[in-house]
Amino acid sequence: MPPQAIPPYYGRPAYPPPSPQTGRTEGRVLASLSLSLLGLLLGLTGLLLAFWLAVPALVLGPVAYFLGKSGITRIGESKGALGGRGIAAAGWVIGVVAMAVGAAVTLIWLVLLLVANFGPPPP
């Protein structure tokens, strides 16, 4: 019996076909992703260059977080008219990471600044 004559042991897939593309991408989603990436970039360059570059990451991270969460809510309420749920989730997560990086870099620079001005702590 040739191999192509043997019926497969599995049936047809039980999952539905992919849904059609949704409408336009929600605007807050793109703003969330761009602000979160900018905040992450500034936070990481602040680690190498200067203290004042890490501070905007502390502002841009939470703004990107709230824009991403708002975008996900609006996409869910639009019933398929708006798209970009994955981009919104990425902006939301990267916004949290940008905020954490900005906070860590700002703390490092503040400790270095205090040690440089006042010396090491007494024993």
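Details of the structure are given in the entry above.
(A) Looking closely at the packing of aromatic side chains. Taken as a whole and assessed by the stated rule, the structure comprises two aromatic pairs. Ring plane angle 75° and centroid distance 5.0 Å describe the contact between Tyr65 and Phe66, whose orientation is recorded as edge-to-face. Between Tyr65 and Trp92, the ring centres sit 6.0 Å apart and the planes meet at 40°, which makes this aromatic pair tilted. Placement of Tyr65 in helix α2 (residues 55-77) and of Trp92 in helix α3 (residues 85-118) is noted, with a sequence separation of 27 residues between them.

(B) Here's a closer look at the nonpolar core. If you look at the biggest cluster of nonpolar residues, it comprises five residues: Val29, Ile72, Ile75, Leu82 and Ala88. The residues contacting Ile72, other than those within four sequence positions of it, are Arg85, Ala88, Ala89 and Trp92.

(C) Highlighting α2. Between its first and last C-alpha, α2 extends 34 Å over 23 residues, near the 33 Å set by a 1.5 Å rise per residue. All of the buried residues along α2 are Ala57, Leu60, Gly61, Ala64, Gly68, Gly71, Ile72 and Ile75. Immediately beyond the C-terminal end of α2, within one or two residues, lies Lys79, with a positive phi of roughly 55°.

(D) Spotlight on α3. Look at α3: 49 Å from first C-alpha to last across 34 residues, which is about the 50 Å you get at 1.5 Å a residue. Every buried residue of α3 is accounted for by Ala88, Gly91, Gly95, Ala98, Val101, Gly102, Val105 and Thr106. Following α3 by one or two positions, Gly119 has its phi on the positive side, about 85°.

(E) Spatial organisation of the environment of Pro62. Tracing the backbone shows Pro62 in helix α2. Overall, the relative accessible area of 23% leaves Pro62 in the partly exposed class. Distance from Pro62 to Gly95, taken between C-alpha atoms, is 6.3 Å for residues 33 residues apart in sequence. For Pro62, the contacting residues outside a window of four places in its chain are Ala57 and Met99.

Thresholds, definitions, all that
As a convention, each chain's residues are numbered from 1 in the sequence order in which they are written. With the structure being a predicted model, the display of local features is reserved for residues of pLDDT at least 70 and the display and counting of side-chain atom pairs for 80 or more, all residues being used for whole-chain, interface and lining totals. Computation of side-chain values: all heavy atoms of the structure, hydrogens and water removed. By convention, a stacked pair of Phe, Tyr or Trp rings (six-membered ring in the case of Trp) has centres within 6.5 Å and planes under 30 degrees apart, an edge-to-face pair has planes over 60 apart, and any other such pair is tilted. By definition, any uninterrupted DSSP run of H or I lasting at least four residues is a helix, any uninterrupted run of E lasting at least two residues is a strand, and each is numbered from the N terminus. For this analysis, a nonpolar core means a set of buried residues of the types Ala, Val, Leu, Ile, Met, Phe, Trp, Tyr and Cys, connected via side-chain atoms within 4.5 Å. Note on exposure labels: buried denotes an accessible area under 20% of the residue type's maximum, exposed denotes more than 50%, and partly exposed covers the range between, all computed with a 1.4 Å probe on protein chains only. The contact rule is simple, with two residues in contact once any of their heavy atoms fall within 4.5 Å. Take the residue count of a helix, subtract one, and multiply by 1.5 Å to get its expected span.

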